[in-house]
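Residue-level listing of the chains:
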Amino acid sequence: MKLNLTTKSENTWCPGCPNHMILASVKQTITSFIDAKKFRQEDFAITTDIGCHAKIFDYINLSGIYCLHGRALPTAIGMKLGNPNLKVLAFAGDGAVYSEGISHFIHAFKYNADMTLVLHDNQSFSLTTGQPTPTSQQGYVSKVNPLGVFDKPMNPIKIALASGATFIARTSAKDIPHMTEIFTKAVNHKGFSFVEVIQDCLIFNLDSNGKDSQMYNVKDNLDKKVAEKLAGEFDYNSKKGKIPMGVIYRVREPTLGEKWPQLRGLLERKVGWVGK
Ligand SMILES: Cc1ncc(C[n+]2csc(CCOP(=O)(O)OP(=O)(O)O)c2C)c(N)n1
Ligand code: SF4
């Protein structure tokens, strides 16, 4: 069967939006897995949140669920409970996961389901015209906060580490080869892989764009103390300081499927959809 990940839906992302590049990289990653016969197209399933990023649901030909705002993660975990053999990817924004969905984010690390979160972080609720999110920088002025954001941004990498993450990586939406390398490592990781994609929005929160000169690549890191140091290097706030890119932390721990006897049975029997 000829692989076709493209759909006929009209693409309504702004011309030049980095979401186009994230889509291209996700397609490359999945195509490579299928070409290598590691997985079939029907082995993948996706969830998406609500937002600009979430339109990826319409532009990639994979089964899945277009979720309520903030609920891409629990829905993805539900898919893994139903069929632990699926390769599940959840796509969500910083607004969705770090505000409405923050409890799901924290608990996802505890469950350690074998799936991937692709977090499109543009430091803005972009679809709804640029309200500040938990990672927006201090001073960000929008229609709903004309005096600017007063609070310091949240650091999601620190939260992930404190919550028991087994895979944390950061990549840039402007760098398709790096994204593809990181998505591939994330999908290959046994456990919950969290990939933060730093993404410019061309329309809202323009001040948070253009952090490229601060970024530098790190080697895959397996040391938690080093990860804690790396997590503190970028505060989502200032244009000073370095932004570590790559696998910030990785460790192998039992997955949700390996912990639950019922799911272990399904994994061992390789229960799937058609053809298995
Ligand atoms: C429970 C709920 N709250 C608010 C909304 C309105 N809403 C829809 S999309 C969106 C912004 C999404 O922002 P983000 O998750 O950062 O994604 P982006 O658009 O930046 O890609 C909001 C607030 C909603 N649909 N449901
Ligand atoms: S508003 Fe921003 S995030 Fe949304 S499609 Fe346009 S450039 Fe992309």
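Above this text is the structure in question.
Residues numbered from 1 in each chain as written. Chains lettered and ligands numbered in written order. Predicted model: local features only at pLDDT ≥ 70, side-chain atom pairs only at ≥ 80, totals over all residues.

A.B. asks: Go over unusual backbone geometry with me, naming the residues and quoting the values.
C.D. replies: Of note in this structure, Asn-112 is not a glycine but carries a positive phi near 55 degrees. Looking at the secondary structure, you find Asn-112 in the loop between α5 (102-111) and β4 (115-121). We note that Lys-270 has phi near 50 degrees; this positive angle belongs to a residue other than glycine. In this structure, Lys-270 sits in the segment after α10 (261-268). (Helix = DSSP H or I, 4+ residues; strand = E, 2+ residues; numbered from the N terminus.)

A.B. asks: Describe helix α7 (residues 176-188), listing the residues and the values that go with them.
C.D. replies: Here α7 spans 18 Å end to end across 13 residues, near enough to the 18 Å set by a 1.5 Å rise per residue. Among all positions in α7, only Met-179, Ile-182, Phe-183, Ala-186 and Val-187 are buried. End-on view of α7: buried residues confined to an arc of 135 degrees, all on one side of the axis. The outward face of α7, more than 90 degrees from its buried face, is lined by the exposed residues Pro-177 and Asn-188. Tucked inside the fold, the buried residues of α7 contact α1 (19-35), β3 (87-93), β4, β5 (167-172) and β6 (193-198). (Expected span 1.5 Å × (residues − 1). Buried ≥ 20, exposed ≤ 12 C-beta atoms within 10 Å, placed from the backbone. Arc of directions from axis to C-beta. Contact = placed C-beta atoms within 7 Å.)

A.B. asks: I'd love a proper account of the nonpolar core, names of residues and values included.
C.D. replies: Core analysis: the largest hydrophobic core is formed by 63 residues, its most contacted members being Leu-73, Ala-90, Ile-168 and Val-195. Excluding its chain neighbours within four sequence positions, the residues that come into contact with Leu-73 are Ala-90, Ala-92, Val-97, Gly-101, His-104, Phe-105, Ala-108 and Leu-117. (Core = buried A, V, L, I, M, F, W, Y, C linked by C-beta atoms within 7 Å.)

A.B. asks: Quick one: what's the story with the environment of Gln-28, residue by residue and with numbers?
C.D. replies: Mapped onto the elements of the fold, Gln-28 is located in helix α1. When the C-alpha positions of Gln-28 and Phe-183 are compared, they lie 9.7 Å apart, and in sequence the two are 155 residues distant.

A.B. asks: Could you give an account of the site of ligand 1, with specific residues and numbers?
C.D. replies: Around ligand 1 there are 19 residues in total, and Gly-51, His-69, Gly-93, Gly-95 and Ser-126 lie nearest to it. Per-element accounting of the shell around ligand 1 gives the leading share, four residues, to helix α4 (residues 94-100). For the shell around ligand 1, a count of residues per class yields five nonpolar, eleven polar and three charged. (Near = placed C-beta within 6 Å. Nonpolar A, V, L, I, M, F, W, Y, C, P; charged D, E, K, R; others polar.)

A.B. asks: So what's going on with the sheet that holds strand β1 (residues 44-48)? Which residues, and what values?
C.D. replies: Taken in spatial order, the eight strands of this open sheet run β2-β1-β3-β4-β6-β5-β8-β7, and their pairing is mixed. Strand pairing shows two members of the sheet lacking a second neighbour, β2 (63-66) and β7 (215-217), which therefore form its edges. Adjacent strand axes in the sheet meet at a mean angle of 20 degrees, parallel and antiparallel pairs treated alike. Relative to β3, β1 runs parallel, the two being bridged by five bridges. Each residue of the ladder has a partner; that of Ile-46, found in β3, is Leu-89. Packing of helix α3 (residues 72-82) onto the sheet brings it into contact with β1, β2, β3 and β4, and relative to β3 it is tilted by some 175 degrees. The sheet strands contacting α7 are β3, β4, β5, β6 and β8 (243-250), and the helix crosses β5 at an angle near 165 degrees. (Pairing = 2+ DSSP bridges. Axes fitted to C-alpha atoms, helices over the stretch in contact; angles between N-to-C directions.)

A.B. asks: Mind laying out the pairing of β5, listing which residues take part and the relevant values?
C.D. replies: The buried fraction of β5 is high, at six of six residues. Side chains of β5 alternate between two faces, with Phe-167, Ala-169 and Thr-171 and Ile-168, Arg-170 and Ser-172 buried alike. Looking at chain direction, β5 and β8 are connected through four bridges and run antiparallel. Opposite Phe-167, over in β8, you have Arg-250 as the bridge partner. Sheet analysis places β5 next to β6, joined by five bridges and oriented parallel. Among the inter-strand pairings, Ser-172 is bridged to a residue of β6, identified as Ile-198. Handedness of the β5-α7-β6 crossover: right-handed. (Right-handed = clockwise from strand over helix to strand, strands pointing away.)

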